[in-house]
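# Commentary on secondary and tertiary structure
Here are the chains, one letter per residue:
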Amino acid sequence: MPTFRQEFIEFAIRNRALCFGKFKTKAGRLSPYFFNAGLFNNGHTLQLLGRYYARAILESTISFDALFGPAYKGIPLVSTIAIALAQSGHNHSFSFNRKETKDHGEGGSIVGAPLAGRILIVDDVISAGISVKQSIDIIKAAGATPCGIAIALDRMERGDSPLSAIQEIERNFGVPVISLSNLNDITAYLSTQPDLAPHLTDIEAYRTRYGINQSDKVFAANPDK
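Residues numbered from 1 in each chain as written. Predicted model: local features only at pLDDT ≥ 70, side-chain atom pairs only at ≥ 80, totals over all residues. Heavy atoms only, no water.

Going by the annotation in an unreviewed UniProt entry, the name recorded for the protein chain is Orotate phosphoribosyltransferase, with Nitrosomonas mobilis given as the source organism. As stated in UniProt under Sequence similarities (unreviewed entry), the record for the protein chain gives "Belongs to the purine/pyrimidine phosphoribosyltransferase family. PyrE subfamily." (UniProt positions renumbered as here; feature names shortened; annotations may be inferred.)

Let us now look at helix H6 (residues 183-190). Across the eight residues of H6, six count as buried, placing the element largely inside the fold. Listed as buried for H6 are Leu-183, Asp-185, Ile-186, Thr-187, Tyr-189 and Leu-190. Sitting at the amino-terminal end of H6 is Asn-182, which places a side-chain oxygen 3.0 Å from the backbone nitrogen of Asn-184. (Buried < 20%, exposed > 50% of the residue type's maximum accessible area, 1.4 Å probe, protein only. Helix = DSSP H or I, 4+ residues; strand = E, 2+ residues; numbered from the N terminus. Polar contact = N/O pair within 3.5 Å; in protein donor to acceptor, adjacent residues only side chain to side chain.)

Each neighbour pair has its own omega, and for Ala-71 with Tyr-72 the value is 5°, a cis peptide bond. For Arg-16, which is not glycine, the phi torsion reads 60° and is therefore positive. Mapped onto the elements, Arg-16 comes out in the loop between helix H1 (3-14) and strand E1 (18-24).

What follows concerns the side chain of Arg-5. Mapping Arg-5 onto the fold places it in helix H1. Residue Arg-5 is classed as buried on the basis of its relative accessible area of 13%. For Arg-5, the contacting residues outside a window of four places in its chain are Ser-179, Leu-180, Ser-181, Asn-182 and Asp-185. (Contact = heavy atoms within 4.5 Å.)

Right, dumping it as structure tokens:
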């Protein structure tokens, strides 16, 4: 596991954004772990979160011109990521959407830079994929091109089909999804922590029941084309 992925998991656990126990998901499943990026809720943790995203983005093969964060969680995310990238010498414009179109002042539903060129979407997790699909529609409607998606955690979990929501998005829209961490990273980390290792049994049982087939590769396109 790359060091920064392990560091991110430790960071998430330390701030209780990643917890272990019994949690009910939106799909009604009882999950042995839960991730909530909303708990990175002060200036310091939000700054560090942006740096983790920036590192994952820069280490990926995705070429992009601007960033887009879907309302609402994507708004602070896209802001802190843009700052972290600029501090690393990569200055990119960014924007986000309003939930309701503004009918006064400058009007419209987009705040920030105009959507143009290759757009990288940033979000916390992808569950049903509704937010990402809406973002892709917004970007295309503006004449720009969605070129990838960056998220914090890939649960590697099936939806209503044998594929996860992430795999379905990669297949249906032809864009790659990169993550700061995934379920493999979590289990690898837990196996090195005696106080957390007991959670492995429940997580592996959950993975057996709901996990994706890791041999399935649904995105084959070159993200730079």
